[in-house]
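# Structural overview
Now for the letters of each chain:
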Amino acid sequence: QTIRRFQFNVEWKQVTRLCTTKQLLMVNGQYPGPTIAVHEGDNVEIKVKNRIAQNTTLHWHGVRQLRTGWADGPAYVTQCPIRGGQSYTYKFTVTGQRGTLLWHAHYAWQRASVYGAFIIYPRIPYPFSHQIQAEIPIIFGEWWNADPAEVENTMMLTGAGPDSSNAYTINGLPGPLYPCSNQDTFIQTVEYGKTYMLRIINAALADELFFAIAKHTLTVVEVDAVYTKPFATTSIMIAPGQTTTVLMTANQVPDFTGMFVMAARPYLTSVFPFNNSTTIGFLRYKNARTWKGKSPVDPSSLKLPNLPEMEDTAFATKFSDKIKSLASPQHPCNVPKTIDKRVITTISLNIQDCPENKTCLGYKGKSFFASMNNQSFVRPSISILESYYKNLTTSSFSSDFPEKPPNYFDYTGGDPLTQNMNTKFGTKLLVLPYGTNVEIVLQDTSFLNLENHPIHVHGHNFFIVGSGFGNFNKAKDPKRYNLVDPPERNTVAVPSGGWAAIRIKADNPGVWFVHCHLEQHTSWGLATGFIVQNGQGPSQSILPPPQDLPSC
Ligand code: C2O
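Residues numbered from 1 in each chain as written. Predicted model: local features only at pLDDT ≥ 70, side-chain atom pairs only at ≥ 80, totals over all residues. Heavy atoms only, no water.

Applying the stated criterion across every chain, the model contains two disulfides. Note on cysteine connectivity: Cys-19 is disulfide-linked to Cys-180, with sulfurs 1.4 Å apart. Between Cys-19 and Cys-180, the S-S dihedral sits near -75°, and the bridge is therefore left-handed. On the criterion of sequence distance, the pair formed by Cys-19 in the loop between β1 (3-17) and β2 (20-27) and Cys-180 in the loop between β10 (167-170) and β11 (187-190) is long-range, its members being 161 residues apart. Note on Cys-19: relative accessible area 52%, which makes it exposed. For Cys-180, a relative accessible area of 45% gives the class partly exposed. Between the sulfur atoms of Cys-80 and its disulfide partner Cys-552 the distance amounts to 2.0 Å. Taking the sign of the S-S torsion, about -105° here, the bridge from Cys-80 to Cys-552 comes out left-handed. Separated by 472 residues along the polypeptide, Cys-80 in the loop between β5 (58-61) and β6 (87-93) and Cys-552 in the segment after β32 (527-532) bring together distant segments of the chain. What makes Cys-80 buried here is its relative accessible area of 2%. (Disulfide = S-S within 2.5 Å. Helix = DSSP H or I, 4+ residues; strand = E, 2+ residues; numbered from the N terminus. Buried < 20%, exposed > 50% of the residue type's maximum accessible area, 1.4 Å probe, protein only.)

So, in structure tokens, the structure goes:
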């Protein structure tokens, strides 16, 4: 078995974007960070050196971490943070997965700039026959002129929503529609007639995005490192934490610029003031007659691709519905056909009366929080996995996450102000015996339905067996579930004003974080976690913690 070793230094480095020069947190001086590329079955060892005067952790988003929760990364859930000057080596094996994932910091809002691609090459050939000329990571992010840590602090102090970023980016570059950014533009050279694999990653903090390339068809073949039935589309919708691999053939004849525009902009958002802007980059056809102007291309001459409108929920829904597992003999879809337990949880934004020490600038002079079943998740100050594993009695959590909503959450009516009050704060987890087939119905509530919530589950993939608008109907909706080829993912965009039902086989012993991948919602408590107990024998038990595991 191969061991792939990486060294990641977390450090500050000066960067300029949008005419603003600042210190940016990054790995090995790179923004976005280095790509991790490994093969299915590899042992991976990533030595992380914290060279900053604050805590950090890194997370390998979507990597299943079978029995190695110690390497998962969310601060205070599976580990204490790596303190300034210290190191920690994340060790895990990549099994049973292949495709595109991402890695990112999992401490406060550090993932604003600390992220990169995590690519797993398959052991057997791709299930499609195209000759691939090159594989290209396309990573969306956001750029803040301010310090994201301060944006979070201000938000928590005022109870208001966060300031939005100043630009969306493609591979760290905003592109020429933003001020001072002509040189900071992503350009990918392609050859006529060749097919490319685009490994598209949404690492943005706060927004689901539409993406398209002018005149070019994108064929979706994989999401969240699981193959899908291929389908062609002109645009994709991608939520933070999701990855989408597409094939694209360079089969168009370019105009005098030699270029085609690729563009991404948000689908729905609750970030105010909203940054209603578009990041663009270019496909440059090799050997085409090229633009001879001063800047790489005159932005005014560009034809943007046809992206869906910002509120085009119809497109987003249709797109999500087209994603189906490949479900072939070589790549079967192992959706649990029956369940041992159904948990229904609301996912909501809440408003609370203003605590005395705050000036609350949230809705109607109150303070925002967020919750699942009206439980607003509080991160403890020691690691949950460690206290669980060592059976510490001074427990950092309790095992009583409510399995039903505490009160009325009717999407179609009711008073949002009373429905969304009385949030309780705490660290409540769900406990599942090894091997439990659990269904979790994620129900968006009626207050402030402005966007989909991308709910991410650590340590497990899940199957999206159903989704819809309005309230989940226990009697009717399960009858229409897809138990044949539902999409298998690690992050589901729960429709705004609707619900999604996911099924998980809880076969990875450990403590696993579940949260909204819109970063401000996690800060407000839209999170929970579940414990999968050990099964029988060592192969179904959590491995012992590594020697160098940080302590709190
Ligand atoms: Cu990509 Cu818990 O996160």
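This part is about the packing of aromatic side chains. In total, this model carries 23 aromatic pairs according to the counting rule given. Ring geometry for Tyr-126 and Phe-128: centres 5.1 Å apart, planes at 10°, overall stacked. A residue is classified by how much of its surface remains accessible, and Phe-128, at 13% relative accessible area, is buried. Their ring planes at 50° and their centres at 5.4 Å tell us that Phe-377 and Phe-513 sit as a pair that is tilted. Of the two residues, Phe-377 is situated in strand β22 (residues 375-377) and Phe-513 in strand β31 (residues 510-516); the sequence distance between them amounts to 136 residues. This pair shows no difference in class: Phe-377 is buried, exactly as Phe-513 is. (Phe/Tyr/Trp six-rings, centres within 6.5 Å; stacked < 30°, edge-to-face > 60°.)

Right, let's talk about the domain arrangement of the chain for a bit. For the chain, the domain assignment lists domain 1 (1-124), domain 2 (125-328) and domain 3 (341-540). At the interface, 29 residues of domain 1 touch 43 residues of domain 2. Counting each side, the surface lost to burial between domain 1 and domain 2 is near 3,000 Å², with a carbon and sulfur contribution of 66%. It is Leu-18, Thr-100 and Trp-109 that lose the most area in domain 1 upon contact with domain 2, and together they represent 28% of the buried surface on that side. Counting every contact that joins domain 1 to domain 2 gives zero salt bridges. Within the residue set of the side of domain 1 that touches domain 2, elements represented by two or more residues are β1, β2, β7 (99-105) and β8 (115-121). (Domains from an automatic or database assignment. Contact = heavy atoms within 4.5 Å. Buried area = accessible area lost by both parts, 1.4 Å probe. Salt bridge = Lys/Arg side-chain N within 4 Å of Asp/Glu carboxyl O.)

All right, on to helix α2 (residues 313-322) then. Turning to α2, its buried residues are Phe-315, Ala-316 and Phe-319. The arc that holds every buried residue of α2, seen down its axis, measures 100°, which confines them to one face. The exposed set on the far side of α2, more than 90 degrees from its buried face, consists of Ala-314 and Lys-318. (Arc of directions from axis to C-beta.)

This model, assessed by the stated rule, comprises nine cavities of 30 Å³ or more. Forming the boundary of the largest cavity are 14 residues, of which Met-372, Leu-430, Ile-440, Val-514 and Thr-528 lie nearest the centre. Elements that contribute at least two residues to the lining of the largest cavity include exactly β20 (341-352), β25 (436-444), β26 (453-457) and β32. A per-element tally of the lining of the largest cavity places β32 first, with three residues. Taken together, the residues of the lining of the largest cavity break down into 11 nonpolar, three polar and no charged. (1 Å grid on protein atoms, 1.4 Å probe; cavity = no way out; pocket = protein on both sides within 12 Å on 5 of 7 lines; lining within 4 Å. Points joined across faces, edges and corners; volume = space filled by probe spheres on them. Nonpolar A, V, L, I, M, F, W, Y, C, P; charged D, E, K, R; others polar.)

Here we come to the environment of Asn-452. Along the chain, Asn-452 turns up in the loop between β25 and β26. By relative accessible area, Asn-452 is classed as buried at 5%. Once the C-alpha coordinates of Asn-452 and Glu-208 are considered, the two residues, 244 residues apart in sequence, prove to be 7.9 Å apart. Of note is the side chain of Asn-452, whose polar atom sits 3.4 Å from the side chain of Glu-208. In this structure the side chain of Asn-452 is engaged in a polar contact, spanning 2.9 Å, whose partner is the backbone nitrogen of Ser-496. (Polar contact = N/O pair within 3.5 Å; in protein donor to acceptor, adjacent residues only side chain to side chain.)

One finds Ile-138, Phe-140, Leu-198, Ile-200, Phe-211 and Ile-236 to be the most contacted residues of the largest nonpolar core, which totals 62 residues. At seven residues, the largest contribution of residues to this core is made by strand β18 (residues 259-267). When residues of this core are sorted by domain, at least three fall in each of domain 1 (1-124) and domain 2 (125-328). Membership of the second largest hydrophobic core comes to 40 residues, among which are Leu-25, Ala-71, Val-94 and Ala-225. (Core = buried A, V, L, I, M, F, W, Y, C linked by side-chain atoms within 4.5 Å.)

The next subject is the pairing of β32. For β32, the buried fraction is high: six of the six residues fall into the buried class. As defined by bridge partners, strand β24 (residues 429-432) adjoins β32 across four bridges and the pair is classed as parallel. What sits directly across from Leu-432, in β32, is Val-532. Bridge count between β31 and β32: six bridges; the pairing is antiparallel. Paired with Trp-512 across the two strands is Phe-530, which belongs to β32. (Pairing = 2+ DSSP bridges.)

The next thing to look at is helix α1 (residues 148-158). For the α-helix, the turn length of 3.6 residues means that residues three or four positions removed from each other point alike. Buried within α1 are the following residues: Pro-148, Val-151, Glu-152, Met-155 and Thr-158. The arc that holds the buried residues of α1, viewed along the axis, is 145°, so those residues lie on one side. Pointing more than 90 degrees away from the buried face of α1 are the exposed residues Glu-150 and Leu-157. Along its buried surface, α1 packs onto β2 and α5 (519-524). Positive backbone phi, approximately 75°, marks Gly-159, located one or two places after α1.

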